[in-house]
Amino acid sequence: LYFGSNDNFLYAIVLKTVELKWKFETGDDIYSSPGVNKGVVYFGSQDSNFYAVNANTGKIKWKFKTGNAVWTSPYVADNMVLFGSFDTYLYALDTKTGRQIWNFGTDGYVSSSPSVAEEVVYFGSWDNYLYAVDIHTGQQQWAFKTEASVVTSPCIFNGVLYFGSFDGMLYCLK
């Protein structure tokens, strides 16, 4: 079990014994729910960094500095990890090296965790838009404007995209 805390640590707990396996310190609070893939834990921190940590040892593999806090939970696909930052960007990084593959800028904070379906990344921004970008290039496919910030994480079910906005609406796009 992996989780972050307001004490700046990411914790790894052994579920059978409920014992601490390791803890990893960042420079600030952790609001991001971690993603785990192929023995690596991925997560963001209020310290503006996005981290990749060995799931067994808690040793850092790499970190990537953004321009502001990272609240979103990552989406890990193949050799790419996706996440948003309060610096207004959605990032795609190489999972092995932490090298940036692409970024996509918005006019507002990105606190909406990305969702992916059919090679398209969906996420919201505080600029009132839900965006759809190509997973490989980061090129915008389309954007949908609401009347307020989109901070919820989109959900795709049976070909329909669901998300909420601070305008009080639940949107269903097909």
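Higher on the page you've got the structure.
How each quantity is defined
Residues numbered from 1 in each chain as written. Predicted model: local features only at pLDDT ≥ 70, side-chain atom pairs only at ≥ 80, totals over all residues. Heavy atoms only, no water. Helix = DSSP H or I, 4+ residues; strand = E, 2+ residues; numbered from the N terminus. Rg over C-alpha atoms; globule rule 2.2 N^0.38 Å. Buried < 20%, exposed > 50% of the residue type's maximum accessible area, 1.4 Å probe, protein only. Contact = heavy atoms within 4.5 Å. Lys, Arg positive; Asp, Glu negative; His and termini not counted. Charge placed at Lys NZ, Arg CZ, Asp CG, Glu CD. Phe/Tyr/Trp six-rings, centres within 6.5 Å; stacked < 30°, edge-to-face > 60°. Pairing = 2+ DSSP bridges. Polar contact = N/O pair within 3.5 Å; in protein donor to acceptor, adjacent residues only side chain to side chain.

(A) Representation of the overall build of the chain in the model. Across its full length, the chain carries zero helices and 18 strands. Radius of gyration (C-alpha) of the chain: 16 Å, near the 16 Å computed for a compact globule of 174 residues. Overall, the chain is about 45 × 35 × 30 Å in size when its C-alpha atoms are taken along their principal axes. The proportion of buried residues among the 174 residues of the chain is 52%. Of the contacts formed within the chain by residues at least 6 apart in sequence, a portion of 31% connects residues at least 24 apart. Taking the 12 positively charged and 16 negatively charged side chains of the chain as two groups, their mean positions are separated by 11 Å.

(B) Representation of the packing of aromatic side chains. Overall, the coordinates contain 25 aromatic pairs when judged by the stated rule. Taking 5.4 Å as the distance between ring centres and 25° as the angle between the ring planes, the aromatic pair formed by F3 and Y11 counts as stacked. For F3, a relative accessible area of 33% gives the class partly exposed. Relative to F43, the ring of F24 has its centre 6.2 Å away and its plane inclined at 80°; by these criteria the two rings are edge-to-face. Taken as a pair, F24 in strand 3 (residues 19-25) and F43 in strand 5 (residues 40-44) lie far apart in primary sequence, 19 residues in all.

(C) Expanded view of the pairing of strand 10 (residues 89-94). Counting buried residues in strand 10 gives five out of six residues, a clear majority hidden from the surface. Summarising the sheet, strand 9 (residues 80-84) and strand 10 pair through five bridges and their orientation is antiparallel. Directly across from L82, in strand 10, lies its bridge partner A92. With five bridges joining them, strand 10 and strand 11 (residues 100-105) adopt antiparallel strand pairing. Directly across from L90, in strand 11, lies its bridge partner F104. Between strand 10 and strand 11, which pair antiparallel in sequence order, lie five residues; one of them, G98, sits at a positive phi of approximately 80°.

(D) Structural view of the side chain of S125. As for its placement among the helices and strands, S125 is situated in the loop between strand 13 (120-124) and strand 14 (129-134). By relative accessible area, S125 is classed as buried at 0%. Looking at S125, its side chain comes within polar contact range of the side chain of T106, at 3.0 Å. When near neighbours in sequence (up to four residues on either side) are disregarded, S125 contacts T106, G108, Y109, Y131, S149 and V150.

(E) Highlighting the environment of N158. Among the structural elements, N158 can be located in the loop between strand 16 (155-157) and strand 17 (160-164). Sequence spacing of N158 and K174 is 16 residues, and the spatial spacing of their C-alpha atoms is 9.5 Å.

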